[in-house]
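Fold and contact review
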Amino acid sequence: MEAMQKRNKRRQNTRRGIIVAIVAVIVLGTGALLFAGKSPTTTTTTSPPTTVPVTTTTLAKPISFSPVTDPSPVGVWGKQPTLVIPPGAPPTKPELTNLITGTGPGAVDGDKFTAQYVLATYSTRKVVQTSWTSKAGFSDTLEPGALISGWVAGMQGMKVGGRRELILPPSVGYQDTSPGAGIAKNDTLIFIIDLLKLSK
């Protein structure tokens, strides 16, 4: 009897030991999951990454102008001006001066305009083009692509009855191309523009 009781006790102790070991494994495993930041009953889902739209359009840098250091004589609006090329080396940045200020709304991109102009270049140091040979003047739309960038930027805000002098380095002129006689590659241009008409 004593032997059987001892065996039964051993079996019970063995069973208890196994149950305790199983419980310990479960408790320890649950604790490890909790400390790892995961719940055994919780499933985590990963959200798809946020897509940031990327623009491939290249925007033109705005052109800033300094005042013309040595402007031409004001003259009389509506009569061909006298363009005087400043002495020395051409400026490296665009220059603009209102010789005569007009009235009414200022020109903006997309406006149709009629103007008279004279153009001189630093390479020749003389006038190489003029629209004054025609009473009708020169008409176009003020928009990038239709005209050189320096002209488009240089006419912004100009009013009818105004006269403006522009000095345009090659970066805002014809750059490294020669569009015609008297205009060299990488030439600096000098315009005097009289604005005759403006329409939206």
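Residues numbered from 1 in each chain as written. Predicted model: local features only at pLDDT ≥ 70, side-chain atom pairs only at ≥ 80, totals over all residues. Heavy atoms only, no water.

1. As for the overall build of the protein chain
- A count of helices and strands for the protein chain gives two helices and six strands.
- Going from N to C terminus, the protein chain has its helices and strands arranged as α-β-β-β-β-α-β-β.
- The burial tally for the protein chain puts 30% of its 200 residues in the buried class.
- Contacts in the protein chain between residues at least 24 apart in sequence constitute 74% of all its contacts with a sequence separation of at least 6.
- Entry remark: accessible area of the protein chain is about 13,200 Å², with carbon and sulfur atoms responsible for 59%. (Helix = DSSP H or I, 4+ residues; strand = E, 2+ residues; numbered from the N terminus. Buried < 20%, exposed > 50% of the residue type's maximum accessible area, 1.4 Å probe, protein only. Contact = heavy atoms within 4.5 Å. Areas by Shrake-Rupley, 256 points an atom, 1.4 Å probe, with all protein chains shown as cover.)

2. Thoughts on the layout of surface pockets
- Estimated volume of the second largest pocket: approximately 150 Å³.
- Across the lining of the second largest pocket, the residue classes break down as nine nonpolar, one polar and no charged. (1 Å grid on protein atoms, 1.4 Å probe; cavity = no way out; pocket = protein on both sides within 12 Å on 5 of 7 lines; lining within 4 Å. Points joined across faces, edges and corners; volume = space filled by probe spheres on them. Nonpolar A, V, L, I, M, F, W, Y, C, P; charged D, E, K, R; others polar.)

3. Considerations on unusual backbone geometry
- In this structure, Arg-125 is a non-glycine residue whose phi angle is positive, near 55°.
- Relative to the elements of secondary structure, Arg-125 occurs in the loop between strand 2 (112-121) and strand 3 (126-130).
- The phi angle at Gln-175 is positive, at roughly 55°, despite the residue not being glycine.
- By the element assignment, Gln-175 lies in the loop between strand 5 (163-168) and strand 6 (189-199).
- When its relative accessible area of 45% is taken as the criterion, Gln-175 is described as partly exposed.

None of the figures reported here should be taken as evidence of function without further support.
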